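Take a look at the letters that make up each chain.
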Amino acid sequence: MKRAALFRVSLLVMLLIIVTSGISAQEKDDLVQSALEDTTFNWASSESRGVRIYCQRGSFAEKHRSMLLRSVTTAVDEVLEYLGESRYDKPLNVLYLESREEMERIVGQPVSGFANWGASGVFVVFNPEWRSFEKHEITHVFTMGGWGAPDTTSRWMVEGIAIHSDGWCREYTVDEIAYHLLSQGQLPSLQEFFDDSTALGEIRGGFYGASVIGFIRHTHGAEALHDLWLNGIGDFKEMFGSDVKEIENLWKNYLKLKVKKEIKVDLETIEDLGCG
Ligand SMILES: [Zn+2]
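The model shown is predicted, which means the values in this text are computed figures rather than measured ones.

**Q** Run through the overall build of the protein, naming residues and quoting values.
**A** Along the protein, the regular secondary structure elements total 15 helices and seven strands. If you take every contact in the protein between residues at least 6 apart in sequence, the share linking residues at least 24 apart comes to 68%.

The following block contains the structure:
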């Protein structure tokens, strides 16, 4: 199986684990502790403002350690602001790995990023060919670890909020990808998406949810995301003053006005190689 295909399958499996088991597996295991105790890794660490990063000695990440520490502390501030929170109570651990093979050894899946929110830990692959997705994974820790598991009807938000918080996939914004999918007729109604958010697959479902989340945050603020996360979509009309169909139409109009039509999204590359 091609690496990209394997990556897609493993992401899907992870999503299915999240959807079916209520995310408990990642809460119970302290993968940070086991990674730090694994003597095949030679860790060097740096700390600033409640964030500790770990790089392997001699690695590409270690060469950029000061820059990475600065960028992680900035990412923490940005994610907190994005979520409308002032602080996260636990210290955050960010472990840099050189490859998906190393990731598989630690977390059991060859993914490029992984959030172990129970241990306040983030694992990211970072090498000259792959940018790391700290903001995406930190968002998972702060939502799942800080807000708790979402209402069952808001599970579509788990990936969407992390994708939107990060904001980019290759050179495209979240809204550019969502608009591309919309204009190609690749997205079902919002209600159908809410009814079965996994049916669309991780890319279409992820960017659909992310763009809608961005629209709700833009129109109703970060607190509305927190409410939707905890309360589910049952009180949609009371929360937003519009029902699901009306929000869908408002979101479509917003996208049409916002996204430059000349941008051509190369979805095939995203599907083959991911967002890095
Ligand atoms: Zn994610």
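**Q** Go over helix H12 (residues 222-231) with me, naming the residues and quoting the values.
**A** Looking at H12, one finds that the buried residues are Leu225, Leu228 and Trp229. In an axial view of H12, the angular spread of the buried residues amounts to 100 degrees, which keeps them on one side of the axis. In this fold, the buried residues of H12 make contact with helix H7 (134-147), helix H8 (157-166), helix H11 (201-220) and helix H13 (236-240). The first or second residue beyond H12 is Gly232, which carries a positive phi of 80 degrees.

**Q** Quick one: what's the story with the packing of helix H9 (residues 174-183) against H11, residue by residue and with numbers?
**A** In contact at an axis separation of 9 Å, H9 and H11 are set at 120 degrees when each is read in the N-to-C sense. The orientation of H9 with respect to H11, classified from their angle, is oblique. Note that H9 runs across H11; the crossing there is left-handed. Contacts from Val174, Asp175, Ile177, Ala178 and Leu181 of H9 reach H11 at Arg204, Phe207, Tyr208, Ala210, Ser211 and Gly214. Classifying every residue of the contact of H9 with H11 gives seven nonpolar, two polar and two charged.

**Q** Please set out the pairing of strand S1 (residues 43-48) residue by residue, giving values where relevant.
**A** Note that S1 and strand S2 (residues 51-56) share six bridges and pair antiparallel. Looking at S2, one finds that Trp43 is bridged to Gln56. Hairpin remark: S1 followed by S2, antiparallel, with two residues in the connecting loop; positive phi at Arg49, about 50 degrees.

**Q** Which residues make up H7, and what values do they have?
**A** Relative to the 20 Å expected for 14 residues at 1.5 Å per residue, H7 spans 19 Å between its end C-alpha atoms, a close match to the ideal helical length. By the criterion of burial, H7 is predominantly enclosed, with twelve of the 14 residues buried. Taken residue by residue, H7 has Glu134, Lys135, His136, Glu137, Ile138, Thr139, His140, Val141, Phe142, Thr143, Met144 and Gly145 as its buried positions. Residues of H7 that are buried make contact with helix H5 (65-83), strand S3 (92-97), strand S4 (113-116), strand S5 (121-125), H8 and H12. Phi for Gly148, located one or two positions after H7, is positive at around 90 degrees.

**Q** Explain the sheet that holds S2 to me, using residue names and the numbers behind them.
**A** If you trace the five strands from one edge of the open sheet to the other, you get S1-S2-S3-S5-S4, paired in mixed fashion. One side of each edge strand has no neighbouring strand; the edge strands of this open sheet are S1 and S4. Neighbour-to-neighbour, the strand axes of this sheet turn through a mean angle of 15 degrees, independent of strand direction. Sheet analysis places S4 next to S5, joined by four bridges and oriented antiparallel. Residue pairing in the sheet places Asn116 in a bridge with Gly121 of S5. In this fold H5 packs onto S1, S2 and S3, with an angle of close to 145 degrees to the strand it touches most, S2. This element, helix H6 (residues 100-107), spans S3, S4 and S5 of the sheet and lies at about 155 degrees to S5.

**Q** Which residues make up the nonpolar core, and what values go with them?
**A** Most often, soluble globular proteins keep nonpolar side chains buried together rather than apart. With 38 residues, the main nonpolar core has Ile53, Tyr96 and Val124 as its most contacted residues. Among the elements of the structure, helix H3 (31-37), S2, H5, S3, H6, S4, S5 and H7 are those that each provide at least two residues to this core. The biggest single contributor to this core is H5, with eight residues. Not counting residues up to four positions away in its chain, the partners in contact with Val124 are Val94, Tyr96, Leu97, Gly113, Ser132, Phe133, Glu134 and Glu137.

**Q** Provide a residue-level description of the pairing of S3, including the pertinent values.
**A** Extensive coverage of S3 is indicated by the burial of six of its six residues. Residues Leu92, Val94 and Tyr96 point to one face of S3 and Asn93, Leu95 and Leu97 to the other, with burial holding for every one of them. In this structure, S2 lies alongside S3, joined through four bridges in parallel fashion. In the sheet register, Ile53 faces S3, and the bridge partner there is Val94.

**Q** Talk me through unusual backbone geometry; I want residue IDs and the actual numbers.
**A** A positive phi angle, close to 50 degrees, is found at Arg49, a residue other than glycine. Mapped onto the fold, Arg49 is located in the loop between S1 and S2.

**Q** Lay out the confidence of the model for the protein in plain terms, naming residues and giving numbers.
**A** Regions with low pLDDT carry predicted coordinates that are not meant to be interpreted in detail. When pLDDT is averaged along the protein, the result is 90, and 90% of the positions lie at 70 or above. Looking over the protein, one finds the lowest element-wise mean pLDDT in helix H1 (residues 3-21), namely 44, and the highest in S2, namely 98. Taken together, the stretch residues 5-25 has pLDDT below 50 and engages in 25 contacts with residues farther than four places along the chain or on a different chain.

Reading guide: rules and limits
- Residues numbered from 1 in each chain as written.
- Predicted model: local features only at pLDDT ≥ 70, side-chain atom pairs only at ≥ 80, totals over all residues.
- Helix = DSSP H or I, 4+ residues; strand = E, 2+ residues; numbered from the N terminus.
- Contact = placed C-beta atoms within 7 Å.
- Buried ≥ 20, exposed ≤ 12 C-beta atoms within 10 Å, placed from the backbone.
- Arc of directions from axis to C-beta.
- Axes fitted to C-alpha atoms, helices over the stretch in contact; angles between N-to-C directions.
- Parallel < 35°, antiparallel > 145°, perpendicular 65-115°, else oblique.
- Left-handed = near helix turned anticlockwise from the far one by under 90°.
- Nonpolar A, V, L, I, M, F, W, Y, C, P; charged D, E, K, R; others polar.
- Pairing = 2+ DSSP bridges.
- Expected span 1.5 Å × (residues − 1).
- Core = buried A, V, L, I, M, F, W, Y, C linked by C-beta atoms within 7 Å.
- pLDDT = per-residue confidence, 0-100.

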